[in-house]
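Next come the chains, spelled out residue by residue.
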Amino acid sequence: MASFPPRVNEKEIVRSRTIGELLAPAAPFDKKCGRENWTVAFAPDGSYFAWSQGHRTVKLVPWSQCLKNFLLHGTKNITNSSGLRLSRQNSDGGQKNKPREHIIDCGDIVWSLAFGSSVPEKQSRCVNIEWHRFRFGQDQLLLATGLNSGHIKIWDVYTGKLLLNLVDHTEMVRDLTFAPDGSLILVSASRDKTLRVWDLKDDGNMMKVLRGHQNWVYSCAFSPDSSMLCSVGASKAVVAAILVCTVFLWNMDKYTMIRKLEGHHHDVVACDFSPDGALLATASYDTRVYIWDPHTGAILMEFGHLFPPPTPIFAGGANDRWVRSVSFSHDGLHVASLADDKMVRFWRIDEDYPVQVAPLSNGLCCAFSTDGSVLAAGTHDGSVYFWATPRQVPSLQHLCRMSIRRVMPTQEVQELPVPSKVLEFLSYRL
């Protein structure tokens, strides 16, 4: 089958420029199972890049130094090569907050990781902070790692020191996400069918258990204003031709479910909000990425990875087209997807075909850099590959739309006394 819609000439699609590679070290007799890189992450301030090399190990590298290494030594970088080793800085107090390379042994297979930072807040969610063991300053940077045992370990990024070990999950922790507001509220998604909300400023106190999924929870993501959480998971058995919904939206002030999003026909494995919170992208094994309006539950766009699309009787799609990961760019115009057909695709939110592609075998996860200029993707062998992302100057109209949508949900937009075409544009229907 063709990889793109028949009306699109593949020669017209731009191939993304390779930036670099971080190849995991391969030891003699190294088992392939357990080397999977299930997650990659950039620190919110752009200082660090982290990924799981497999076999319990997480690697943290200063991102700016990593880019310099690519320029100096070409695209390849063997992470255990002494000739290309990133500079390590002294660990004295004067160097505390300067990026240093760390290799962290988590003691168990790592399935997920996420950076969290502490920034000034208008109103703190925790009380009696002076009683707590850890004082999180404005310069604090944490790394949370979700393990096969169900434990979550919290590390100080600057020192590599273990700070907390959270143990309430009963099965592996498949995904982690911090609230973007700097509150150090952490949400974990597990194969025990639950999401758990943790307050790291309160010594890792578990605040709430979110229940609703009837099978594994694969992924979760906060909206940019931290008020909403999306969670996605494995589908339940089909009963009377009805598939149990696997996409949920939660109110994170009340810890209640807002709505279920119906449309996918197979396990939903990844999700991400747009920078203004007006859009939500979900990736599924049904070979599709859907772009939703999270405020209404409407599907605004479909990015298909199998053409022609699967017929209803085979709605689950083909195994070699399963979509593994999706990520929204910081310009709000592009979405990256990673599928089992050995391709990474960059889509525009106003086009139904990819604007750039890149080859990748055995990809599992992807994420945009903090400034949006680079996409990182992790693979089954514990390595990471980097590509330049589509470069486009956003229009003034789009910048205005994002500014409005950051503070105004769809329902309020629809009440504005403006022409219908303007309403459609602000609602991302144009």
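Scroll up for the structure.
1. Some remarks on the overall build of the protein chain
Then, number 1: A count of helices and strands for the protein chain gives four helices and 30 strands.
Then, number 2: When each of the 430 residues of the protein chain is scored for burial, the buried share is 55%.
Then, number 3: Residue pairs at least 24 apart in sequence account for 54% of intrachain contacts in the protein chain once pairs closer than 6 positions are excluded.
Then, number 4: When the accessible surface of the protein chain is summed, it comes to about 19100 Å², and 52% of that surface belongs to carbon and sulfur atoms.

2. A short note on the sheet that holds strand β13 (residues 185–190)
The pairing of strands in a sheet happens through backbone hydrogen bonds and is either parallel or antiparallel.
Then, number 1: Strand order in the open sheet formed by four strands is β12-β13-β14-β15, and the pairing between neighbours is antiparallel. Lying at the two open borders of the sheet, with one neighbouring strand each, are β12 (173–178) and β15 (205–211). Direction aside, neighbouring strands of the sheet carry axes that sit 20 degrees apart on average.
Then, number 2: Across five bridges, the pairing between β13 and strand β14 (residues 194–199) is antiparallel. Looking across to β14, one finds that Ala-189 is bridged to Leu-195.

3. A short note on the environment of Trp-38
Then, number 1: Along the chain, Trp-38 turns up in the loop between β2 (18–23) and β3 (40–42).
Then, number 2: Residues Trp-38 and Trp-111 lie 73 residues apart in sequence; the distance between their C-alpha atoms is 5.7 Å.

4. Digging into helix α2 (residues 396–405)
Then, number 1: By the burial criterion, the buried members of α2 are His-398, Arg-401, Met-402 and Arg-405. Within α2, the buried residues cover an arc of 95 degrees as seen down the axis, which keeps them to one side.
Then, number 2: Buried-residue contacts for α2 involve α3 (410–413) and α4 (420–426).

5. Section: the packing of aromatic side chains
Then, number 1: Within this structure, the stated rule accounts for 15 aromatic pairs.
Then, number 2: Aromatic pair Phe-42 and Phe-49: ring centres 4.8 Å apart, planes at 50 degrees, arrangement tilted.
Then, number 3: On the basis of relative accessible area, Phe-49 is assigned to the buried category, the value being 0%.
Then, number 4: Here Trp-216 and Tyr-218 contribute two aromatic rings whose centre-to-centre distance is 6.3 Å and whose plane-to-plane angle is 75 degrees, an arrangement assigned as edge-to-face.
Then, number 5: Note on Trp-216: relative accessible area 31%, which makes it partly exposed.
Then, number 6: Clustering of aromatic rings is evident, with ring pairs tying together Phe-42, Phe-49, Trp-51, Trp-63, Phe-70 and Phe-386.
Then, number 7: The aromatic ring of Trp-111 is capped on one face by Arg-191, whose charged end is 5.1 Å from the ring centroid.
Then, number 8: The ring of Phe-425 carries the charged tip of Arg-401 above its face, separated from the ring centre by 3.9 Å.

What counts, and where the lines are drawn
Each chain carries its own residue numbering, running from 1 in the written order of its sequence. Given that the model is predicted, a residue must reach a pLDDT of at least 70 before its local features are reported, and side-chain atom pairs must reach 80 or more before they are shown or counted; all residues, however, enter totals for whole chains, interfaces and linings. Calculation of side-chain values draws on the structure's entire complement of heavy atoms; hydrogens and water are dropped beforehand. Numbering goes from the N terminus for both helices and strands, where a helix is a DSSP run of H or I of at least four residues and a strand is a run of E of at least two. Here's how the labels work: a residue is buried when its accessible area is under 20% of the maximum for its type, exposed when over 50%, partly exposed in between, all with a 1.4 Å probe on protein chains only. Contacts are assigned to residue pairs that have any heavy atoms within 4.5 Å of one another. Every accessible area reported is derived by Shrake-Rupley at a probe size of 1.4 Å, with residue values counting cover from the shown protein chains alone. Should DSSP find at least two bridges between two strands, the strands are taken to pair. An axis is simply a line fitted to the C-alpha atoms; with a helix, the fit covers only the stretch in contact. Between two such axes, the angle follows the N-to-C directions and lies from 0 to 180 degrees. Working note: the arc is built from the helix axis to C-beta atom directions. Side-chain rings of Phe, Tyr and Trp (the six-membered ring for Trp) are treated as a pair once their centres are within 6.5 Å; stacked means planes under 30 degrees apart, edge-to-face means over 60, and tilted covers the remaining angles. Distance and angle both matter: a charge sits over a ring if NZ of Lys or CZ of Arg is within 6 Å of the ring centre and within 35 degrees of the ring normal.

Functional significance is not addressed by these values, which are geometric in nature.
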